[in-house]
Amino acid sequence: KIRPFHFPTDLLESSRARLTCEAREGDIPLTFHWQHEGVDLLPDIMVTSMDSFSSTLSISMVREEHGGNYTCTVQNTGGSDHHSAVLIVNGKYPPHLPA
């Protein structure tokens, strides 16, 4: 079972973003796999692992093409689970409210 995760809703272009996919249950070894819109990640997206039950996706400079659905799948000999989050990229400047 994956602990639910989500992107902040106020991400601006050029900001940083990070998601951690954490298996809260399941026997190790665990295998993690990330996808963006159902395909492998763009080359500028880093995936790291700090321990045997989590995987972190990092985007150092969010761009418009990073927007979309990100899915983490975790698998072991007993089965698999997946969770998705949507990244919405806002313009470089926050919207202004009318005066």
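Preceding this section is the structure that the text describes.
These numbers come from a predicted model, not from an experiment.

K.L.:
Requested: an account of the packing of aromatic side chains, with residues and values cited.
P.N.:
Applying the stated criterion across every chain yields a total of 2 aromatic pairs. Pairing Phe7 with Tyr70 gives two aromatic rings, centres 5.4 Å apart and planes at 65°, and the pair type is edge-to-face. Taken together, the positions of Phe7 in the loop between strand S1 (2–3) and strand S2 (17–23) and Tyr70 in strand S6 (residues 68–76) put the pair 63 residues apart, joining distant regions of the chain. With respect to class, Phe7 is no different from Tyr70; both count as buried.

K.L.:
An account of the sheet that holds S1 is needed here, citing residue identities and associated values.
P.N.:
Strand order in the open sheet formed by 4 strands is S1-S2-S5-S4, and the pairing between neighbours is antiparallel. Only two strands of the sheet have a single partner each, and these edge strands are S1 and strand S4 (45–48). Note that S2 and strand S5 (residues 54–59) share 6 bridges and pair antiparallel. When the bridges of S5 are listed, Ala17 appears paired with Ile59.

K.L.:
Any details on the side chain of Ser54? Residues and values, ideally.
P.N.:
Topologically, Ser54 is positioned in strand S5. Among the polar contacts made by the side chain of Ser54, one reaches the side chain of Asp51 at a distance of 2.7 Å. Discounting residues that sit within four places of it in the chain, Ser54 has contacts with Thr20, Cys21, Glu22, Phe32 and Ser49.

K.L.:
So what's going on with the sheet that holds strand S3 (residues 31–36)? Residues and values would help.
P.N.:
Strand order in this open sheet of 3 strands is S3-S6-S7, and the pairing throughout is antiparallel. The two strands at the open ends of the sheet, each matched to only one other strand, are S3 and strand S7 (79–87). Neighbour-to-neighbour, the strand axes of this sheet turn through a mean angle of 15°, independent of strand direction. Pairing analysis gives 9 bridges linking S6 to S7, with the strands arranged antiparallel.

K.L.:
How would you sum up the environment of His33? Please name residues and give values.
P.N.:
Turning to its location among the elements, His33 is positioned in strand S3. What makes His33 partly exposed here is its relative accessible area of 39%. Residues His33 and Cys21, 12 residues apart in the sequence, show an inter-C-alpha distance of 9.7 Å. If we ignore the near neighbours within four places in the chain, the residues touching His33 are Asp40, Thr71, Cys72 and Thr73.

K.L.:
Report on the pattern of salt bridges, specifying residues and quantitative values.
P.N.:
Throughout the structure, instances matching the rule amount to 3 salt bridges. Note that Glu22 is salt-bridged to Arg3, the shortest N-O span being 3.3 Å. Highlighted residues: Glu22 in strand S2 and Arg3 in strand S1, separated in sequence by 19 residues. Given the relative accessible area of 23%, Glu22 is considered partly exposed. Measuring nitrogen to oxygen at the nearest pair gives 2.5 Å for the salt bridge that ties Glu65 to Arg63. Residue classification places Glu65 among the partly exposed residues on the basis of a relative accessible area of 43%.

What counts as what
Residues numbered from 1 in each chain as written. Predicted model: local features only at pLDDT ≥ 70, side-chain atom pairs only at ≥ 80, totals over all residues. Heavy atoms only, no water. Phe/Tyr/Trp six-rings, centres within 6.5 Å; stacked < 30°, edge-to-face > 60°. Helix = DSSP H or I, 4+ residues; strand = E, 2+ residues; numbered from the N terminus. Buried < 20%, exposed > 50% of the residue type's maximum accessible area, 1.4 Å probe, protein only. Pairing = 2+ DSSP bridges. Polar contact = N/O pair within 3.5 Å; in protein donor to acceptor, adjacent residues only side chain to side chain. Contact = heavy atoms within 4.5 Å. Axes fitted to C-alpha atoms, helices over the stretch in contact; angles between N-to-C directions. Salt bridge = Lys/Arg side-chain N within 4 Å of Asp/Glu carboxyl O.

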